[in-house]
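Fold and contact review
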Amino acid sequence: MTTGQWFEKLVALQERLRAPNGCPWDREQTHSSLRTYLIEEAYEVLDALESGDDAKFAEEMGDLLLQIVFHSQIASEEARFTIADVIREIHEKLIRRHPHVFGEKRAKDAAEVLKNWEEIKSEERREKRTNQALDGAKQIDNPESLLAGVPRGLPAALEGFQLTRRAARIGFDWDDAEGIFEKIREEGAELRHALETKDQRRIEEEIGDVLFAAVNLARFVQADREIALKKANAKFANRFRAMERLARENGRELAEIPRPEMEALWEKAKRNEKATLASTSGEAARQK
């Protein structure tokens, strides 16, 4: 079957599940109850992407697509919008925001594409606000910020990324990574000073500045801050569990071991981990 036919079958299937004689669980779901699944499926797609398993990647992408179809079905039942509206909106948006492909405008590189993209988005927001003002008989005099549209409800790291990305697209950015390293050092010094004052409000503010600078560095060097932190979390968890195993091999629990011995076990876990990685890499090279 064609892509379109498969998609229509999926939409029809979800409609059937939501029908009066369909699945009780599906019928109980709302936009709010599905929020957690939408986020979970997005993370599972990222995990599958990292795994290099194409079958798993395709499967998880399907699960994420189902969430879009599910939400659209609920909206359709409430006569708000349909999956066709969702597809039409993104189709028209892509054409509108790629005038260098579908229009007369030209872009010499990706940076110019992104800058044009932000300008088009800004114009779209102005038009939307004007239409809303006309509909509500209100006059809006203040121009909208380039940062408008970044949801405050986003996780903090993602919000920081989107804010700095939007600013960077119009040229408000660092010349090189060294400038951000210097900023991180500066914020670290201010945090140390705040810790000396024991002012909890100021400490929280300075920690926020350090984290914001780190997120900005990740964006600048084109490293995904969420994936990078997830990998760091996994590394810590793996090494900590290795410490626990090493302690138990000696008939002890990690919690009973003095801190200096814990540090020694941590270093041993790191060495074992590196040796395992080197062995695995060598074996993979031999198989090639």
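Conventions we followed
- Position numbers for residues count from 1 along each chain, tracking the sequence in the order it is written.
- Only residues with pLDDT of 70 or above have their local features reported here, since the model is predicted, and side-chain atom pairs are shown and tallied only from 80 upward, although totals for entire chains, interfaces and linings are computed over all residues.
- Side-chain calculation: all heavy atoms of the structure are included, whereas hydrogens and water are not.
- Cavities and pockets were defined on a 1 Å grid built over protein atoms only: a cavity is a set of grid points that admits a 1.4 Å probe from which the probe cannot escape, a pocket is an open set flanked by protein on both sides within 12 Å along at least five of seven lines, and lining residues are those with an atom within 4 Å of any such point.
- Grid points are joined across faces, edges and corners, and a volume is the space filled by probe spheres set on the points.
- Strands are runs of DSSP state E lasting at least 2 residues, helices are runs of H or I lasting at least 4, and numbering of each runs from the N terminus.
- Residue classes follow a fixed rule: Ala, Val, Leu, Ile, Met, Phe, Trp, Tyr, Cys and Pro count as nonpolar, while Asp, Glu, Lys and Arg count as charged, and any other residue, Gly among them, counts as polar.
- We call a residue buried when its accessible area falls under 20% of the maximum for its residue type, exposed when it is over 50%, and partly exposed in between, using a 1.4 Å probe and counting protein chains only.
- Take the residue count of a helix, subtract one, and multiply by 1.5 Å to get its expected span.
- What the arc covers is the set of directions going from the helix axis to the C-beta atoms.
- In this description, a line fitted to the C-alpha atoms serves as the axis of each element, helices being fitted only across the stretch in contact, and the angle between N-to-C directions of two axes falls anywhere from 0 to 180 degrees.
- Should an angle lie under 35 degrees it is considered roughly parallel, over 145 roughly antiparallel, and from 65 to 115 roughly perpendicular; all remaining angles are considered oblique.
- Two residues form a contact once any of their heavy atoms are found within 4.5 Å.
- Whether two aromatic rings pair depends on their centres lying within 6.5 Å, for rings of Phe, Tyr and Trp, where Trp uses its six-membered ring; planes under 30 degrees apart make the pair stacked, over 60 edge-to-face, and the rest tilted.
- Geometrically, a charge over a ring is one whose NZ (Lys) or CZ (Arg) sits within 6 Å of the ring centre while staying within 35 degrees of the ring normal.
- Only residues whose relative accessible area exceeds 30% and that form no salt bridge are eligible for patches; like-charged ones are grouped when within 9 Å, while nonpolar side chains (Val, Leu, Ile, Met, Phe, Trp, Tyr) are grouped when within 5 Å.
- A 1.4 Å probe and the Shrake-Rupley method give the accessible areas. Residues count as covered only by the protein chains that appear here.
- Salt bridges are counted wherever a side-chain nitrogen of Lys or Arg sits within 4 Å of a carboxyl oxygen of Asp or Glu.

**Quick word on the layout of surface pockets**
The space that makes up the largest pocket amounts to roughly 560 Å³. Around the largest pocket, the lining is made up of 13 residues, and of these Ala42, Leu154, Pro155, Leu158 and Arg225 lie nearest the centre. Of all the secondary structure elements, the ones that give two or more residues to the lining of the largest pocket are helix 3 (35–51), helix 8 (156–168) and helix 11 (225–249). Taken together, the residues that form the lining of the largest pocket break down as 9 nonpolar, 1 polar and 3 charged.

**A word on unusual backbone geometry**
The residue Ala79 is not glycine, and still its phi comes out positive at about 60°. Counting through the fold element by element, Ala79 comes out in the loop between helix 4 (54–77) and helix 5 (83–96). The class of Ala79 is exposed, set by a relative accessible area of 72%. For Lys198, which is not glycine, the phi dihedral falls at a positive 60°. Checked against the element boundaries, Lys198 lands in the loop between helix 9 (177–197) and helix 10 (200–220).

**So, helix 1 (residues 3–18)**
Taking 1.5 Å of rise per residue, 16 residues should cover 22 Å, and helix 1 covers 23 Å from first to last C-alpha, within 8% of that figure. All buried positions along helix 1 are accounted for by Val11, Gln14 and Arg18. Buried residues of helix 1, viewed axially, fall in a sector of 65°; they line one side. The exposed set on the far side of helix 1, more than 90 degrees from its buried face, consists of Trp6 and Glu8.

**Structural notes on the packing of helix 3 against helix 11**
Relative orientation of the contacting elements helix 3 and helix 11 amounts to 70°, with a least axis distance of 12 Å. The orientation of helix 3 with respect to helix 11, classified from their angle, is roughly perpendicular. Residue-level contacts link Tyr43, Leu46 and Glu50 of helix 3 to Glu226, Ile227, Lys230 and Lys231 of helix 11. Here the residues of the contact of helix 3 with helix 11 sort into 3 nonpolar, no polar and 4 charged.

**Brief notes about the packing of aromatic side chains**
Aromatic ring pairs are described here by two measures, namely the spacing of the ring centres and the angle between the planes. A complete count under the given rule lists 4 aromatic pairs for this structure. Note on Trp25 and Tyr37: the rings are 5.8 Å apart at their centroids and 75° apart in plane angle, and the pair reads as edge-to-face. Linking Trp25 in helix 2 (residues 24–28) with Tyr37 in helix 3, this pair joins segments that are 12 residues apart in sequence. Looking at Trp25, the relative accessible area reads 39%, which means it is partly exposed. Taking the relative accessible area as the measure of exposure, Tyr37 reaches 32% and is therefore partly exposed. On the basis of an interplanar angle of 25° and a centroid distance of 5.9 Å, the ring pair of Phe236 and Phe240 is categorised as stacked. With a gap of 4 residues between them, Phe236 and Phe240 both fall in helix 11, about one helical turn apart. Relative accessible area serves as the criterion here: at 48%, Phe236 is assigned to the partly exposed category. When the ring centre of Phe161 is taken as origin, the NZ or CZ atom of Arg225, which lies over that ring, is 4.6 Å away.

**Things to note about a nonpolar patch on the surface**
Residues Leu38, Ile39, Tyr43, Leu46, Leu65, Ile68, Phe81, Val86 and Ile87 make up a contiguous nonpolar surface patch of roughly 680 Å² in combined accessible area. Mapped by element, the contributors of at least two residues to the nonpolar patch are helix 3, helix 4 and helix 5. A per-element tally of the nonpolar patch places helix 3 first, with 4 residues. On the secondary structure map, Ile68 appears in helix 4.

**Some points on the pattern of salt bridges**
Summed over all chains, the structure comprises 22 salt bridges. Residues Asp47 and Lys56 are paired through a salt bridge, measuring 3.4 Å at the closest nitrogen-oxygen approach. Look at Asp47 and you get partly exposed, because its relative accessible area is 45%. Since its relative accessible area comes to 29%, Lys56 is described here as partly exposed. Salt-bridge contacts for Lys270 lead to Glu267; the nearest nitrogen and oxygen are separated by 4.0 Å. Taken together, the positions of Lys270 and Glu267, both in helix 12 (residues 259–287) and 3 residues apart, correspond to about one turn of that helix. Taking the relative accessible area as the measure of exposure, Glu267 reaches 35% and is therefore partly exposed. Here the salt bridges share partners, and the residues they tie into one network are Asp85, Arg88, Glu89 and Glu92.

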